[in-house]
Amino acid sequence: MKFFIDTANLEQIIEAQNLGILDGVTTNPSLMAKEGIKGNENILAHYQRICEIVDGDVSAEVISTDYNGMIKEGEILAKLHPRIVVKVPMIKEGIRAIKYFSGKNIRTNCTLVFSPGQALLAAKAGAYYVSPFVGRLDDISFDGMELVAHIVNIYKTYDFKTQVLAASIRNPIHIIKALDAGAHVATCPLDAILGLLKHPLTDIGLQKFLEDYSRVTS
Ligand code: G3P
């Protein structure tokens with residue numbers, strides 16, 4: 001399973017990249033707004049900076065919700081860098097746009113997916129990734145990871161090539177369960193990735209190693 005970081009924050013992307021385990025980045029309009037980047041030129045430059053940091057796919061989302069607007073925006077985004085994947089929301093116009101992009105060999109990430117039916121349409125339109133939002137389903141007492149497993153099973157049964165990118169990941173357990181569900185990718189906040197490092201027995205064991213060693217070498 002590939003590890004993407006779900007942020008537009010350059011420091012966090014660099015920290016994850018320096019760990020040596022980063023395979024890509026996903027952003028969305030809310031994450032971009034959080035970085036306070038203003039103006040279209042600055043936004044496009046920010047995506048390019050992210051592409052220069054990470055050695056993997058970078059999802060950049062269109063903001064238009066009409067077909068022509070999505071096409072115009074998506075073609076601009078795709079020209080920024082070969083690593084750019086155009087993120088498109090799961091709406092009727094978005095499916096049409098994904099079909100257009102797949103015909104032009106522009107890779108897409110169909111986002112805001114919350115049902116197997118939506119995932120089916122994304123795959124039929126030729127999306128490169130589909131992003132089922134695990135955390136937001138869990139937040140309303142639906143089983144988000146069950147959706148991921150269901151989509152993985154549908155795609156395997158019908159040999160769809162679209163990759164399942166588990167999104168809206170909230171914690172390390174979500175990452176582990178995304179593995180169990182067979183997701184191709186999990187896109188995670190940095191804290192969730194760093195949370196995988198933590199175990200009290202590791203800390204206790206290392207502390208004892210150091211204490212025992214210092215006793216015989218001091
Ligand atoms: O970026 C897409 C998705 O990962 C957003 O997650 O935490 O806003 O539900 P979240």
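Since we're looking at a predicted model, the values are computed, not measured.

All right, on to the overall build of the protein then. Of regular secondary structure, the protein possesses eleven helices and eight strands. Viewed in the frame of its principal axes, the protein has a C-alpha envelope of about 70 × 40 × 30 Å. Taken across its 218 residues, the protein has 45% of its residues classed as buried. Contacts spanning at least 24 positions in sequence make up 57% of the contacts within the protein whose residues lie at least 6 apart. Both charge centroids of the protein, one from 22 positive and one from 24 negative side chains, sit 6 Å from each other.

To continue, consider the site of the ligand. What surrounds the ligand is the set Asp 6, Asn 28, Lys 87, Phe 133, Arg 136, Ala 167, Ser 168 and Arg 170. Asp 6 is positioned with one of its side-chain polar atoms (N or O) 2.6 Å from an oxygen atom of the ligand. Within the contact set of the ligand, an oxygen atom lies 3.4 Å away from a side-chain nitrogen or oxygen of Lys 87. In isolation the ligand offers 310 Å² of accessible surface; the protein chains occlude 82% of this area.

Spatially, eight strands are ordered S1-S2-S3-S4-S5-S6-S7-S8 in a closed barrel, and the strand pairing comes out parallel. Strand-to-strand twist in this sheet, taken as the mean axis angle between neighbours without regard to direction, amounts to 30 degrees. Both strand S5 (residues 108–113) and strand S6 (residues 129–132) contribute to a ladder of three bridges, which runs parallel. Note on S6: the bridge partner recorded for Asn 109 is Tyr 129. Running over the sheet, helix H5 (residues 92–103) touches strand S4 (84–89) and S5 and is turned about 155 degrees from S4. Across the sheet, helix H6 (residues 116–125) is in contact with S5 and S6; its angle to S5 comes to roughly 165 degrees.

Quantified by volume, the largest pocket comes out at close to 370 Å³. Among the secondary structure elements, those contributing two or more residues to the lining of the largest pocket are strand S1 (2–6), helix H2 (29–34), strand S8 (185–188) and helix H10 (190–195). Along the lines of polarity and charge, the residues of the lining of the largest pocket split into ten nonpolar, nine polar and seven charged. In terms of lining residues, the second largest pocket is bounded by 15 residues, among which Asn 40, Ile 43, Glu 61, Ile 63 and Glu 73 are the most central.

Here we take up a nonpolar patch on the surface. Together, Met 1, Ile 176, Leu 179 and Leu 196 make up a nonpolar patch on the protein surface, roughly 320 Å² of accessible area in all. Within the fold, Leu 179 resides in helix H9 (residues 172–181).

Take the pairing of S1 next. Alignment of S1 against S8, held across four bridges, turns out to be parallel. Among the inter-strand pairings, Lys 2 is bridged to a residue of S8, identified as Val 185. Alignment of S1 against strand S2 (residues 24–26), held across three bridges, turns out to be parallel. If you follow Phe 4 over to S2, its bridge partner there is Gly 24. As a crossover connection, the stretch from S1 through helix H1 (residues 10–19) into S2 is right-handed.

Let us now look at unusual backbone geometry. Leave glycine aside and you will find that most residues have negative phi; peptide bonds, for their part, are mostly trans. Although it is not a glycine, Asp 159 sits at a positive phi angle of roughly 55 degrees. Relative to the helices and strands, Asp 159 is located in the loop between helix H8 (144–157) and strand S7 (163–166). According to the relative accessible area criterion, Asp 159 is exposed, its value standing at 51%.

What counts, and where the lines are drawn
- Residues numbered from 1 in each chain as written.
- Predicted model: local features only at pLDDT ≥ 70, side-chain atom pairs only at ≥ 80, totals over all residues.
- Heavy atoms only, no water.
- Helix = DSSP H or I, 4+ residues; strand = E, 2+ residues; numbered from the N terminus.
- Buried < 20%, exposed > 50% of the residue type's maximum accessible area, 1.4 Å probe, protein only.
- Contact = heavy atoms within 4.5 Å.
- Lys, Arg positive; Asp, Glu negative; His and termini not counted.
- Charge placed at Lys NZ, Arg CZ, Asp CG, Glu CD.
- Near = heavy atom within 4 Å.
- Polar contact = N/O pair within 3.5 Å; in protein donor to acceptor, adjacent residues only side chain to side chain.
- Areas by Shrake-Rupley, 256 points an atom, 1.4 Å probe, with all protein chains shown as cover.
- Pairing = 2+ DSSP bridges.
- Axes fitted to C-alpha atoms, helices over the stretch in contact; angles between N-to-C directions.
- 1 Å grid on protein atoms, 1.4 Å probe; cavity = no way out; pocket = protein on both sides within 12 Å on 5 of 7 lines; lining within 4 Å.
- Points joined across faces, edges and corners; volume = space filled by probe spheres on them.
- Nonpolar A, V, L, I, M, F, W, Y, C, P; charged D, E, K, R; others polar.
- Patch = residues over 30% accessible without salt bridge, like charges linked within 9 Å, V, L, I, M, F, W, Y side chains within 5 Å.
- Salt bridge = Lys/Arg side-chain N within 4 Å of Asp/Glu carboxyl O.
- Right-handed = clockwise from strand over helix to strand, strands pointing away.

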